[in-house]
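# Descriptive analysis of the structure
Next come the chains, spelled out residue by residue.
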Amino acid sequence: MGKYKDNCCITCSDEDRAKYEEIAKVIDSYKGKQGSLIMVLHAAQGIYGYLPLELQQFIADRMGIPFSEVYGVVSFYAFFTTKERGRHVVRVCLGTACYVKGAQKLIDSLTDKFQIEVGDVTADKKFTIEAARCIGACGLAPAMMVDDDVHKEVSPATLYDILDQYE
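Below is a short write-up of the structure. (Residues numbered from 1 in each chain as written. Predicted model: local features only at pLDDT ≥ 70, side-chain atom pairs only at ≥ 80, totals over all residues. Heavy atoms only, no water.)

Turning our eyes to something else, we now look at the pattern of salt bridges. If you walk through the whole model with that rule in mind, you get 7 salt bridges. The partner of lysine 125 in a salt bridge is glutamate 84, and the shortest N-O contact between them spans 3.7 Å. One end of the pair, lysine 125, is in the loop between α6 (103–114) and β4 (127–132); the other, glutamate 84, is in the loop between α4 (67–76) and β3 (88–93), and 41 residues separate them in sequence. Owing to a relative accessible area of 37%, lysine 125 belongs among the partly exposed residues under this scheme. Its salt-bridge partner being glutamate 130, residue arginine 91 comes within 3.1 Å of it at the nearest N-O pair. Here arginine 91, found in strand β3, pairs with glutamate 130, found in strand β4; they are 39 residues apart in sequence, far enough to count as distant. A residue is classified by how much of its surface remains accessible, and glutamate 130, at 17% relative accessible area, is buried. Via salt bridges that share partners, Asp28, Lys31 and Arg62 belong to a single interconnected network. (Salt bridge = Lys/Arg side-chain N within 4 Å of Asp/Glu carboxyl O. Helix = DSSP H or I, 4+ residues; strand = E, 2+ residues; numbered from the N terminus. Buried < 20%, exposed > 50% of the residue type's maximum accessible area, 1.4 Å probe, protein only.)

Right, here's the structure in full:
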């Protein structure tokens, strides 16, 4: 993976170096505490935005645990991502109620407009498009979430008005 000097990968930009230093402080605050890996990963993803392999290796090295343990947790929990995300995450529910009421048209409209696939980030880094199996809003179908906000009865016609709120 990477070689580290002063809490950061040698090839890091100044911005990444600051993030790695902040993550190192988080790791140090949890040192020796049993079961702290998920909390460290959660904080690291909040700071860095996602968990690329190089950052996972840094966390493993700094915590003194095997890389396989870190990678295993990151790959098991859907909350963690190894891909860069946009400033806003748009999750379109594809549960049965939402799917029947046209959620796939929302996905199609988003991927056509932004010229990306589900799971990718827009060129301007504003949005990441995700499909969710269910967001628990079946009575509001078709529903989608932007970050933590639930939007109900979304149609291709109202979709971009909703996204304009997050510009």
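One open sheet holds the 4 strands; their spatial order is β4-β3-β5-β6, and the pairing between them is mixed. The outermost strands of the open sheet, each flanked by one partner alone, are β4 and β6 (149–151). Each strand of the sheet is rotated relative to its neighbour by a mean of 20°, with strand direction disregarded. The sheet contact formed by β3 and strand β5 (residues 144–146) spans 3 bridges and is antiparallel. Counted as the bridge partner of valine 92 is methionine 144 from β5. (Pairing = 2+ DSSP bridges. Axes fitted to C-alpha atoms, helices over the stretch in contact; angles between N-to-C directions.)

What follows covers the pairing of β3. With 5 of 6 residues buried, β3 is to be regarded as a mostly interior element. Of the pairings in the sheet, the one linking β3 to β4 comprises 6 bridges and is parallel in character. Each residue of the ladder has a partner; that of cysteine 93, found in β4, is alanine 132.

Mapped onto the fold, glycine 49 is located in the loop between α2 (37–48) and α3 (53–63). With 32 residues separating them along the chain, glycine 49 and threonine 81 place their C-alpha atoms 8.6 Å apart. Aside from chain neighbours lying at most four places away, what touches glycine 49 is Ala44 and Thr81. (Contact = heavy atoms within 4.5 Å.)

Structurally, the position occupied by aspartate 149 is in strand β6. Separated by 11 residues in sequence, aspartate 149 and tyrosine 160 place their C-alpha atoms 15 Å apart. Setting aside anything within four residues of it in sequence, one finds aspartate 149 in contact with Met144 and Tyr166.

Moving on to unusual backbone geometry. Across the chain, the bulk of peptide bonds are trans and the bulk of non-glycine residues have phi less than zero. In this structure, the amide linkage connecting alanine 141 to the following residue, proline 142, adopts the cis form with an omega of -10°. Considering the arrangement of structural elements, one finds proline 142 in the loop between β4 and β5. With phi around 55°, aspartate 147 is a residue other than glycine that occupies positive phi space. Locating aspartate 147 in the fold gives a position in the loop between β5 and β6.

This part is about the packing of aromatic side chains. Two aromatic rings, taken as a pair, are described by how far apart their centres are and by the angle between their planes. Tallied over the entire structure, the rule returns 8 aromatic pairs. Seen in terms of ring centroids, phenylalanine 76 and tyrosine 77 are 4.9 Å apart; in terms of plane orientation they differ by 90°. Their pairing is edge-to-face. What makes tyrosine 77 partly exposed here is its relative accessible area of 38%. Judged by centre distance (5.4 Å) and plane angle (70°), the rings of phenylalanine 79 and phenylalanine 80 are edge-to-face. In textbook terms, an aromatic cluster arises when at least three aromatic residues are bridged by ring pairs, as seen for Tyr20, Tyr48, Tyr50 and Phe58. The ring of tyrosine 48 is capped by lysine 19, whose NZ or CZ atom sits 5.4 Å from the centre of that ring. Sitting over the face of the ring of tyrosine 160, lysine 113 holds its NZ or CZ atom 5.1 Å from the ring centroid. (Phe/Tyr/Trp six-rings, centres within 6.5 Å; stacked < 30°, edge-to-face > 60°. Lys NZ or Arg CZ within 6 Å of the ring centre and 35° of its normal.)

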